Amino acid sequence: MYGNPTTVAMRRIQGELRDWLKAAPEGCALESYEPLTNWVVIMQGPEGGLARLYEGEVFRLQVRFPDRYPLEAPEVIFLPESPIHPHIYTNGHICLDILYDGVNGGWSPALTVNKICLSLRSMLASNTDKTRPVGDQAYCRRVGERSPKLTRWAFDDDTV
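Basis of the calculations
Residues numbered from 1 in each chain as written. Predicted model: local features only at pLDDT ≥ 70, side-chain atom pairs only at ≥ 80, totals over all residues. Heavy atoms only, no water. Helix = DSSP H or I, 4+ residues; strand = E, 2+ residues; numbered from the N terminus. Buried < 20%, exposed > 50% of the residue type's maximum accessible area, 1.4 Å probe, protein only. Contact = heavy atoms within 4.5 Å. Areas by Shrake-Rupley, 256 points an atom, 1.4 Å probe, with all protein chains shown as cover. Arc of directions from axis to C-beta. Expected span 1.5 Å × (residues − 1).

A. Quick look at the overall build of the protein chain. When you go through the protein chain residue by residue, the secondary structure sums to three helices and four strands. For the protein chain, the α and β elements follow one another from N to C terminus as α-β-β-β-β-α-α. Taking the principal axes of the C-alpha coordinates as reference, the protein chain spans close to 45 × 35 × 25 Å. Looking at the protein chain residue by residue over its 160 residues, the buried ones come to 44%. Excluding contacts between residues fewer than 6 apart, the proportion of contacts in the protein chain whose partners are at least 24 apart in sequence is 63%. When the accessible surface of the protein chain is summed, it comes to about 8,500 Å², and 52% of that surface belongs to carbon and sulfur atoms.

Next up, the structure:
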């Protein structure tokens, strides 16, 4: 749920914001953090990498912190226009295990927004094929603007 964060969640988010303002991850900046539970991150396409596919591109990432953060993963989506990548849907949803709780999710309370951004930039840097995921249009029609946390993801491709 969103809108009534616990004291633990607020302390953690404030600590992450303080750390971010001291040392933001490479290629990232905060566009906004008002309200404190909803950040917008500006992410530069990584320079270098295997194919340099995203060099010079700029993306916006929305991070919504749930009430029970960090016990629950934040909701992380790319705002339009999302990067063209085999694990990023047109609606901004991202198929990356660390973004999700549950049986096959890889979220851990030890993760931070800083680490999420580093993982996303690494995912972009390692990509060699600028394509959308198989079934992108059907998925986007089916889920619309619902939270990606409601999707049952299958994490079986670690090649990009």
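Once you've had a look at it, read on.
B. Looking closely at helix α3 (residues 136-143). Three or more residues of α3 are buried, namely Asp136, Tyr139, Cys140 and Val143. Buried residues along α3 cover an arc of 95° about the axis, so they all sit on one side. In α3, those exposed residues whose orientation departs by more than 90 degrees from the buried face are Arg141 and Arg142. Positioned one or two residues after α3, Gly144 has a phi angle of 55°, which is positive.

C. A look at helix α1 (residues 7-22). For α1, spanning 16 residues, the distance from its first C-alpha to its last is 23 Å, which sits close to the expected 22 Å at 1.5 Å a residue. Considered for burial, the residues of α1 that qualify are Ala9, Ile13, Gly15, Glu16, Leu17 and Trp20. Buried residues in α1 make contact with β1 (28-32), β2 (38-44) and α2 (113-125).

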